[in-house]
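Each chain, written out:
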Amino acid sequence: MSESPPTTPVCYRHPGRETYVRCTRCDRPICPDCMQEASVGHQCPECVGEGRRSVRPARTAFGGGTVGRHGYVTKTLIALNVLLMVLSIASDRGGDAVAGGSGFGGLMGGSTPLTDWGSVLGQALFPDGSVHGIAQGEWYRLVTAMFLHYGVIHLLLNMWALWVLGRSLEANLGPLRFLSLYLVAGLGGNVAAYLFSAENATTAGASTAIFGLFAALIVIERRMGRDISAVLPVLVINLVFTLTVPGISIPGHLGGLVTGGVLALLLAYAPRSRRGLFQAVGVVLLLVALIGLAVVRTATLTG
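Residue numbers restart at each chain and count upward from 1, following the sequence in its written direction. This being a predicted model, a pLDDT of at least 70 is required before a residue's local features are given, and a value of 80 or more before pairs of side-chain atoms are given or counted; all residues contribute to the totals for chains, interfaces and linings. Note that the side-chain values use all heavy atoms of the structure and ignore hydrogens as well as water.

For the purposes of this section, nonpolar cores are sets of buried Ala, Val, Leu, Ile, Met, Phe, Trp, Tyr and Cys residues that join through side-chain atoms within 4.5 Å. Relative accessibility thresholds used throughout: buried, under 20% of the residue-type maximum; exposed, over 50%; partly exposed, between the two (1.4 Å probe, protein chains only). In terms of nonpolar packing, the biggest core is built from 57 residues, with Leu 162, Leu 169, Tyr 182, Tyr 194, Ile 210 and Leu 213 touching the most fellow members. Contributions of two or more residues to this core are made by helix H2 (72-91), helix H5 (152-173), helix H6 (175-196), helix H7 (207-223), helix H8 (231-244), helix H9 (250-268) and helix H10 (275-302). Numbering of helices and strands runs from the N terminus, with a helix taken as a DSSP run of H or I at least four residues long and a strand as a DSSP run of E at least two residues long. Top element by residues in this core is H7. It accounts for 11 residues. Apart from the residues lying within four places of it in its own chain, the contact partners of Tyr 194 are Val 120, Gly 122, Ile 134, Ala 135, Leu 142, Ala 294, Arg 297, Thr 298 and Leu 301. Two residues qualify as a contact provided that any one of their heavy atoms is within 4.5 Å of a heavy atom in the partner residue.

As structure tokens, then:
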């Protein structure tokens with residue numbers, strides 16, 4: 001009885017192609033078009049896809065995505081602030097939007113129609129006889145104010161700080177947690193300005209969020225066991241400027257500092273087992289507390 005000749009293996013995906021290479025994971029024969037290099041040998045497309053699905057995405061020490069190392073949120077926030085500065089200058093008819101206002105020897109710019117529209121303001125009578133402010137239902141001011149600036153010097157100082165602090169925090173926290181930190185700290189500073197400033201005083205600038213980032217950087221760096229001796233002097237200098245330079249919102253800066261520090265503690269010390277839930281609940285509770293304080297202030301002004 002004659003024996004049948006041995007058959008040459010063919011690719012399981014391309015039956016017309018002979019091959020002696022097999023997938024190191026499932027042992028099926030694969031042709032050169034199907035080979036995908038693995039840590040050892042080659043794998044077929046199905047095994048590569050299954051392996052990718054089974055691998056958990058990389059996370060930072062605080063649960064965020066590692067894409068934060070690219071600083072996309074930081075760059076977007078800077079671009080948004082710069083864009084609104086351009087629009088603010090374009091909206092001005094008095095010519096002092098860039099410089100010639102108050103603060104830093106007159107280098108700070110004056111108000112513009114855009115800053116009048118979006119700055120923190122309790123309530124005030126405008127020249128046209130209308131009354132505007134947060135107490136009049138313009139709640140958006142608590143958010144828009146953190147993206148508006150009085151002049152280019154004001155903008156440059158804040159954007160430099162955002163560039164330095166933001167990239168480090170975004171890399172450690174991840175994009176979503178960093179964005180939450182920035183917005184909640186900015187909101188906290190603006191709520192503090194609303195609570196403790198004169199009702200007809202206006203406040204604007206990213207400084208409320210920036211001071212929150214300073215506090216957060218200290219908390220995060222300490223949580224990771226790093227030295228913070230280089231950060232503290234910079235924070236102290238900024239606090240001295242806040243307390244001594246005319247025209248700077250002390251409640252806004254200190255409110256942002258405290259809010260950013262509290263949120264950073266929640267993000268950094270959340271229990272690992274339920275970290276995401278703990279962090280999300282912490283953000284929500286902090287937002288509820290801030291909104292509650294703003295509601296109380298509004299009732300005081302309108303009651």
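With that settled, the discussion passes to the layout of surface pockets. In this structure, the second largest pocket occupies an estimated 150 Å³ of space. Here a cavity denotes grid points, spaced 1 Å and computed from the protein atoms alone, that fit a 1.4 Å probe unable to get out, and a pocket denotes an open set having protein on both sides within 12 Å along at least 5 of 7 lines; residues with an atom within 4 Å of a point are the lining. Along the walls of the second largest pocket sit Trp 160, Ala 161, Val 164, Leu 165, Ser 168, Phe 214, Leu 217, Ala 230, Val 231 and Val 234, which together make up its complete lining. Secondary structure elements with two or more residues in the lining of the second largest pocket: H5, H7 and H8. The classification used treats Ala, Val, Leu, Ile, Met, Phe, Trp, Tyr, Cys and Pro as nonpolar, Asp, Glu, Lys and Arg as charged, and all other residues, Gly among them, as polar. Along the lines of polarity and charge, the residues of the lining of the second largest pocket split into nine nonpolar, one polar and no charged. Grid points are joined across faces, edges and corners, and a volume is the space filled by probe spheres set on the points.

Glancing now at the pattern of salt bridges. Think of a salt bridge as a Lys or Arg side-chain nitrogen and an Asp or Glu carboxyl oxygen that are within 4 Å of each other. In this structure the tally under the stated criterion is four salt bridges. Residues Arg 226 and Glu 221 are paired through a salt bridge, measuring 3.2 Å at the closest nitrogen-oxygen approach. The buried category is assigned to Glu 221, whose relative accessible area is 10%.

Moving on, we get to the packing of aromatic side chains. Aromatic contacts are taken between Phe, Tyr and Trp rings whose centres are within 6.5 Å, Trp giving its six-membered ring; a plane angle under 30 degrees counts as stacked, one over 60 as edge-to-face, and the others as tilted. One pass over the structure, following the stated rule, counts three aromatic pairs. With a centroid separation of 4.8 Å and 25° between ring planes, the pair formed by Trp 117 and Tyr 140 is classed as stacked. Residue Trp 117 is located in helix H3 (residues 113-118), and its partner Tyr 140 is located in the loop between strand S5 (131-132) and helix H4 (141-144); the two are separated by 23 residues in the primary sequence. Between Arg 28 and the ring centre of Tyr 12, over which it is positioned, the NZ or CZ distance is 4.0 Å. We call a charge positioned over a ring when the NZ of a Lys or the CZ of an Arg lies within 6 Å of the ring centre and within 35 degrees of the ring normal. Sitting above the plane of the Tyr 194 ring, Arg 297 keeps its charged end 5.9 Å from the centroid.

As far as function goes, none of this settles anything; it's purely spatial.
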